[in-house]
Structures are given as structure tokens and as C-alpha cells.
Amino acid sequence: MATLSTAKRLVVKIGSALLVDRNTGDLRADWLHALAEDVQWLKGVGCDVVLVSSGSIALGRGVLGLPATSLALEQSQAAAAVGQIRLARAYEEALAPHGIKTAQVLVTLEDSSDRRRYLNSRATLETLLGFGVVPIVNENDTVATDEIRFGDNDRLAAQIAVTVGADQLILLSDVDGFYSANPNEDTTARRYDVIDAITAEIEEMAGDAGSGLSKGGMKTKLMAAKTATAAGCDMAITEGSVMRPLRALQDGANATWFTAQTDPQAARKRWIAAMKPRGSVTLDAGAVAALTKGKSLLPAGITKVAGPFERGDSVALQDPSGRVIGSGLTRYASDEAAQIKGHQSAEIEALLGYPGRAALIHRDDMAL
């Protein structure tokens, strides 16, 4: 069974009910500061941490004096705009005493469904993690409509786990795992410690609409588990309202772990390899040799570009004889790639009129 201390990159989903007192609408500052201790512990053992956090609408609702009932879309967006700044400040104030820098990252469903925007999101998150920053990710409720919403942070957290190549995803919930039935209604319900495969029987247990201990909330968590485990990421559901919930999980708190069947890098390579190339680039012998050693593809190693293709599209990689040796997601459109082929990365800005990225295809976006 997975343990947090072995994670290299961890995504943690935090729901509004954990952060905001339902009766007063105030931030649960003591809980958040205890969670910050968990983050410090994880970073101390060499783990990258990303927090996917709800709470902006709940905080903004109280500030604006809005009722605890369903809100119109424009009221939700206004509440999110007011609450988001308070939520970001709360995380910054909780983590700063531990020497941890934070960043706010707001996303919509479009950012993962559009490959160009997905690559931008991935590059930004990778850069932040490289600087040791803890990104605080939330759905951009100030602009998202029903058509471009994830709709729940379980799905969003799973997508972020895929985007950053996390090896573990933790859903902090109001229930301590996945049960065969609602334990509040069925005394014979049993909790699963480990689920290795999400079968039709498991899905039937999750039931229909609702939240938390009710069946629907578990259904969204199963959807998240499917997304995460298919991408090589283990996922756990555990009760989150206790102080230092991540440390509690490490120390044996009740949870259900959904196990991945592969690792994140291998899953990503398979996903890239399965894409249909929109064009191709031909490499010189030096570039082919560099790629086989795990290097990224630089413009200098390209002798020919065949398109058309756009940034984020899959392109075939060909050796000097024209044999396809792999594929990858390009960081440049075909007309831009044609302009910079054969040139050093330092020349990109002069050729294109903007700095651009040093590699045409990063090694993480390549399958050989």
C-alpha cells in the first residue's frame, strides 16, 4: 500500500467544508495552519506539493452577505472574486512562517481540453515546482460558466495530478474512505482499504447524486480515481477535518487507496504515442543520439519540417533516413518551427520576435 512519505509529487484536494466554518462563514485558521505543518513535513522529505483548494465562493458569500442557498451564476462569480483574494492570502499567511512560497493558479476545463493551454498550464506548474513553490489551484469561478466548468474539485484535482505527473493524489473528505454502502444508513457497510480495479460492482456501490457520505459525492471521487490511476497516480480518500490530516494518513488513519497500474511517466508516454501526428520533423544524427540519451529536441538538430501543425499538436520524429523513431508534442507551430530549424536556441528571439522556449519538444512531451 502507498504511503505519503514515499511520494515524490503529491496533489491534495481540500474542500470548502474543511476550510470554511459552515455556521459562521469564517476561515478555519487553526486547521489551515495545521495543514501547513503537514506541507512543511512533506517538503522536508523531498516531496513536491500542489494544493487544489475550494473555498473562494464560501468565503466571499459571507463577506457579501449572500444567503446559504443556491446562488445565481453572477452572484457565485462575484462571491468567488471577493473570496479568492482572501483564500490566497490565507494560504500565504499559513505557509510563509515555514519558509514556503505560494502561488495562485486559476484554471477552467478549457485549460485541460485545449492542448495549447494544457501545455501552458503544465509548463507554469512545472516551473513553480522547480522553484520550490506550493501552487494553490482552484477553478476560476469568476469567469467559468457551466459549459467550461470542471464542476467539482475532485475531477479538477485528478486532472491537475495528471498535468503535473503526480504519483499520489489525496482527497481530503468528510468520510474516511470508500464504503460498500452509506455507513450512516447501512450498518453492514464496509470500508475498503485498497481498491486495485474500479469494477462495475464498485461503480454501482457509488450510486447517484449527493455529496460527502451520500452516494453522489463518492461517484465523483470514483471518476477522479479513474482519471488518476489511468495516469499512473495512486489516489486516497481519507477524512480531512482532523488536525494535520496528511500526517494522520501517514500514521495509519482510515483511508481507501486506489492503486495505479503503472507510473506517471510511462502513462504519459503511452498517451503521447497514441496520438495521431499532425506533421513531422526530420532530425540530424546528433539530435537522434541526444534523444536516445533522454535529451530534449532543440531547433539546432532539425533539418526539415513538414506540416501544417499547431503548437501542442503531436508530430512524428524522423531520423535522417526518414524512419519514424517516435513522436512528441511540439512547442511551436509548423511555420515557426521552419524558421528556427537548424538554429541555436539563443537565436529564437531574433528569428521569431519573441523569446520562446529553448526546446522544440521537451523530453517529457516525447515518446520514442
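Here the structure is a predicted model, which means the values were calculated and not measured.

K.L.:
Would you mind showing me how to read helix α11 (residues 264–273) here?
P.N.:
Three or four residues apart is the spacing at which side chains of an α-helix point the same way, because the helix has 3.6 residues per turn. Among all positions in α11, only P264, A267, R268 and I272 are buried. Viewed along the axis of α11, the buried residues span an arc of 135°, placing them on a single side of the element. For α11, the N-terminal capping position is held by D263, with its side-chain oxygen 3.1 Å away from the main-chain nitrogen of Q265.

K.L.:
Explain the sheet that holds strand β1 (residues 9–14) to me, please; I cannot follow it from the model alone.
P.N.:
Strand pairing within a sheet occurs via backbone hydrogen bonds; the two strands may be parallel or antiparallel. Here eight strands make up an open sheet; going across it, the order is β3-β4-β2-β1-β5-β9-β10-β8 and the pairing mixed. The strands lining the two open edges of the sheet, one partner per strand, are β3 (102–107) and β8 (194–195). Across the sheet, helix α2 (residues 29–44) touches β1, β2 (48–53), β4 (134–139) and β5 (168–173), and the angle it forms with β2 is around 155°. The strands touched by helix α6 (residues 115–130) within the sheet are β1, β2, β3 and β4, with β4 carrying the most contacts at an inclination of about 150°.

K.L.:
How should the sheet that holds strand β14 (residues 324–329) be read in this particular structure?
P.N.:
Taken in spatial order, the five strands of this open sheet run β12-β11-β13-β14-β15, and their pairing is mixed. The outermost strands of the open sheet, each flanked by one partner alone, are β12 (302–306) and β15 (366–367). On the sheet, helix α12 (residues 285–292) packs against β11 (279–283), β13 (314–318), β14 and β15 and is oriented at approximately 105° with respect to β11.

K.L.:
Is there a simple way to explain the packing of aromatic side chains in this structure?
P.N.:
For any pair of aromatic rings, geometry is given as the distance between the ring centres together with the angle between the planes. Going through the model one piece at a time under the given rule, you end up with two aromatic pairs. Relative to Y192, the ring of F178 lies with its centre 6.0 Å away and its plane at 50°, an arrangement referred to as tilted. A residue pair is termed long-range when its members are at least 10 positions apart, and F178 in strand β6 (residues 178–179) and Y192 in strand β7 (residues 191–192) qualify at 14 residues. As far as the burial class goes, F178 and Y192 line up, both buried. A cation over a ring is seen here: R190 above Y192, with NZ or CZ 4.1 Å from the ring centre.

K.L.:
Is there a simple way to think about the UniProt feature "domain: PUA" (unreviewed entry) in the chain in this case?
P.N.:
Taking the UniProt record as the reference, the feature "domain: PUA" (unreviewed entry) is found at residues 279–361. Here residues 279–361 is 24% helix and 25% strand, with 13 Å between the C-alpha atoms at its ends.

K.L.:
Looking at this model, I keep getting lost on the nonpolar core. Mind explaining?
P.N.:
Taken as a class, soluble globular proteins show a tendency for nonpolar side chains to be buried jointly. Of all hydrophobic cores here, the largest spans 39 residues; its most connected members are V11, V137, I160, L169, F178, M235 and F258. For this core, the element with the highest residue contribution is helix α7 (residues 153–164), accounting for six residues. A36, L87, Y91 and I100 belong to the second-largest nonpolar core, a separate cluster that totals 34 residues.

K.L.:
When you look at the side chain of D154 in this model, what are you seeing that I'm missing?
P.N.:
Inspection of the secondary structure puts D154 in helix α7. A residue is classified by how much of its surface remains accessible, and D154, at 4% relative accessible area, is buried. Excluding its chain neighbours within four sequence positions, the residues that come into contact with D154 are K13, L171, G217, T220, K221 and A224.

Each value, and the rule that gives it
Residues numbered from 1 in each chain as written. Predicted model: local features only at pLDDT ≥ 70, side-chain atom pairs only at ≥ 80, totals over all residues. Heavy atoms only, no water. Buried < 20%, exposed > 50% of the residue type's maximum accessible area, 1.4 Å probe, protein only. Helix = DSSP H or I, 4+ residues; strand = E, 2+ residues; numbered from the N terminus. Arc of directions from axis to C-beta. Polar contact = N/O pair within 3.5 Å; in protein donor to acceptor, adjacent residues only side chain to side chain. Pairing = 2+ DSSP bridges. Contact = heavy atoms within 4.5 Å. Axes fitted to C-alpha atoms, helices over the stretch in contact; angles between N-to-C directions. Phe/Tyr/Trp six-rings, centres within 6.5 Å; stacked < 30°, edge-to-face > 60°. Lys NZ or Arg CZ within 6 Å of the ring centre and 35° of its normal. UniProt positions renumbered as here; feature names shortened; annotations may be inferred. Core = buried A, V, L, I, M, F, W, Y, C linked by side-chain atoms within 4.5 Å.

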